[in-house]
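In case you want the letters, here they are:
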Amino acid sequence: EDQVTQSPEALRLQEGESSSLNCSYTVSGLRGLFWYRQDPGKGPEFLFTLYSAGEEKEKERLKATLTKKESFLHITAPKPEDSATYLCAVLGAGGTSYGKLTFGQGTILTVHP
Amino acid sequence: EAGVAQSPRYKIIEKRQSVAFWCNPISGHATLYWYQQILGQGPKLLIQFQNNGVVDDSQLPKDRFSAERLKGVDSTLKIQPAKLEDSAVYLCASSLRSYNSPLHFGNGTRLTVT
């Protein structure tokens with residue numbers, strides 16, 4: 001069974017204080033790793049898809065990276081509006097995991113002004 | 001482009017009652033998903049449709065949950081009878097294709113079972 005573990009569970013930063021969120025996964029063949037952002041009372045909003053180890057994607061202050069066992073979401077000089085829950089999900093490729101998207105529990109990020 | 005529409009936004013029912021949720025996906029999206037998100041957890045897939053057909057319902061509690069997708073567009077998810085542990089946010093999502101396409105989520109229905 002595919003597993004996704006995100007750490008830390010919660011992260012509090014000062015505005016401008018860069019940091020990273022971690023997503024560790026075990027999956028039977030990886031077709032893709034997805035990062036989503038979820039604001040309170042809203043559905044998750046797609047950020048990035050990563051397909052293979054070594055791949056990187058960037059969007060404004062966010063950069064996602066991927067290795068064979070984990071992904072990092074780096075946040076550079078965060079602003080209060082970056083406060084949200086960040087969800088990681090993996091899409092399996094093998095056996096009963098084929099086509100299944102498994103989410104982690106999320107990291108709650110709070111950025112103080 | 002209009003997003004995924006869900007209704008109602010909130011629902012409070014007593015245990016053993018029934019409830020239904022409605023979803024209208026993004027136009028042209030063939031794949032539709034229902035997820036359950038319990039407070040403090042990530043979304044868990046309940047059922048996935050490809051057009052009219054069910055692709056995956058392995059995690060749907062079929063003794064109480066049912067879902068249908070009418071004419072490959074709108075979908076309804078029903079719970080009958082509800083239990084206390086069904087209290088959660090029910091998210092509908094759609095994607096252009098299955099596999100590797102990003103999911104577009106609606107804002108969900110928050111269900112409270114008392």
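See the structure above.
Residues numbered from 1 in each chain as written. Chains lettered and ligands numbered in written order. Predicted model: local features only at pLDDT ≥ 70, side-chain atom pairs only at ≥ 80, totals over all residues. Heavy atoms only, no water.

A. Looking closely at the sheet that holds strand β8 (residues 75-79) of chain B. All names here are of chain B. Spatial ordering of the open sheet is given by β1-β3-β8-β7, a layout of four strands whose pairing is antiparallel. The open sheet has two free edges, formed respectively by β1 (5-7) and β7 (65-69), since each of these has just one partner strand. Strand-to-strand twist of the sheet, defined as the mean angle between neighbouring strand axes without regard to direction, takes the value 15 degrees. Note: β7 against β8, five bridges, orientation antiparallel. Of the residues in β8, the one forming a bridge with glutamate 68 is threonine 76. (Pairing = 2+ DSSP bridges. Helix = DSSP H or I, 4+ residues; strand = E, 2+ residues; numbered from the N terminus. Axes fitted to C-alpha atoms, helices over the stretch in contact; angles between N-to-C directions.)

B. The interface of chain B and chain A, seen in detail. In this assembly, 19 residues from chain B lie in contact with 21 residues from chain A. The contact between chain B and chain A buries some 1500 Å² in all, and 54% of this surface belongs to carbon and sulfur atoms. On inspection of chain B and its partner chain A, the count reaches zero salt bridges. For the pair chain B and chain A, the interface holds four residue pairs in polar contact (both at pLDDT 80 or more). Residues belonging to the side of chain B that touches chain A are distributed by class as follows: seven nonpolar, ten polar and two charged. (Contact = heavy atoms within 4.5 Å. Buried area = accessible area lost by both parts, 1.4 Å probe. Salt bridge = Lys/Arg side-chain N within 4 Å of Asp/Glu carboxyl O. Polar contact = N/O pair within 3.5 Å; in protein donor to acceptor, adjacent residues only side chain to side chain. Nonpolar A, V, L, I, M, F, W, Y, C, P; charged D, E, K, R; others polar.)

C. Structural context of the pairing of strand β5 (residues 44-50) of chain B. Residue and element names in this part refer to chain B. Most of β5 is tucked away, with five of its seven residues classed as buried. Across six bridges, strand β4 (residues 31-37) lies against β5 in antiparallel orientation. Across the sheet, residue tyrosine 35 finds its bridge partner in β5, namely leucine 45. With antiparallel pairing between neighbouring strands as the criterion, β4 and β5 make up a hairpin whose turn holds six residues, including glycine 40 at a positive phi of roughly 85 degrees. Judged from the three bridges that link them, β5 and strand β6 (residues 53-56) form a sheet pairing that is antiparallel. Looking at β6, one finds that glutamine 50 is bridged to glycine 53. Linkage of β5 to β6, two consecutive antiparallel strands, is achieved through a turn of two residues, within which asparagine 51 is found at a positive phi near 55 degrees. (Buried < 20%, exposed > 50% of the residue type's maximum accessible area, 1.4 Å probe, protein only.)

D. Here's a closer look at the environment of leucine 77 of chain B. Residue and element names in this part refer to chain B. As for its placement among the helices and strands, leucine 77 is situated in strand β8. Residues leucine 77 and aspartate 63, spaced 14 residues apart in sequence, show a C-alpha to C-alpha distance of 13 Å. With residues up to four places along the chain from it excluded, the contact list for leucine 77 reads Val19, Ala20, Phe21, Trp34, Leu46, Leu60, Phe65, Ser66, Ala67 and Tyr90.

E. Region of interest: the pattern of salt bridges. Residues and elements named next belong to chain A. This structure, assessed with the given rule, holds six salt bridges over all chains. Where aspartate 39 meets arginine 37, a salt bridge forms, and the shortest distance between an N and an O atom there is 3.0 Å. On the basis of relative accessibility, which here comes to 25%, the residue aspartate 39 falls in the partly exposed class. A relative accessible area of 15% places arginine 37 in the buried class. In this structure, glutamate 55 and lysine 57 form a salt bridge, with 3.6 Å as the shortest nitrogen-oxygen distance. Under the relative-accessibility criterion, lysine 57 is labelled partly exposed at 30%.

F. Expanded view of the layout of surface pockets. What the largest pocket holds in volume is close to 620 Å³. If you go around the largest pocket, you meet 28 residues; those closest to its centre are Gln38 of chain A together with Gln37, Leu39, Gly40 and Arg110 of chain B. Contributions of two or more residues to the lining of the largest pocket are made by β9 (84-92) of chain A together with β9 (88-95) and β11 (109-113) of chain B. For the lining of the largest pocket, the per-class residue count stands at eleven nonpolar, twelve polar and five charged. (1 Å grid on protein atoms, 1.4 Å probe; cavity = no way out; pocket = protein on both sides within 12 Å on 5 of 7 lines; lining within 4 Å. Points joined across faces, edges and corners; volume = space filled by probe spheres on them.)

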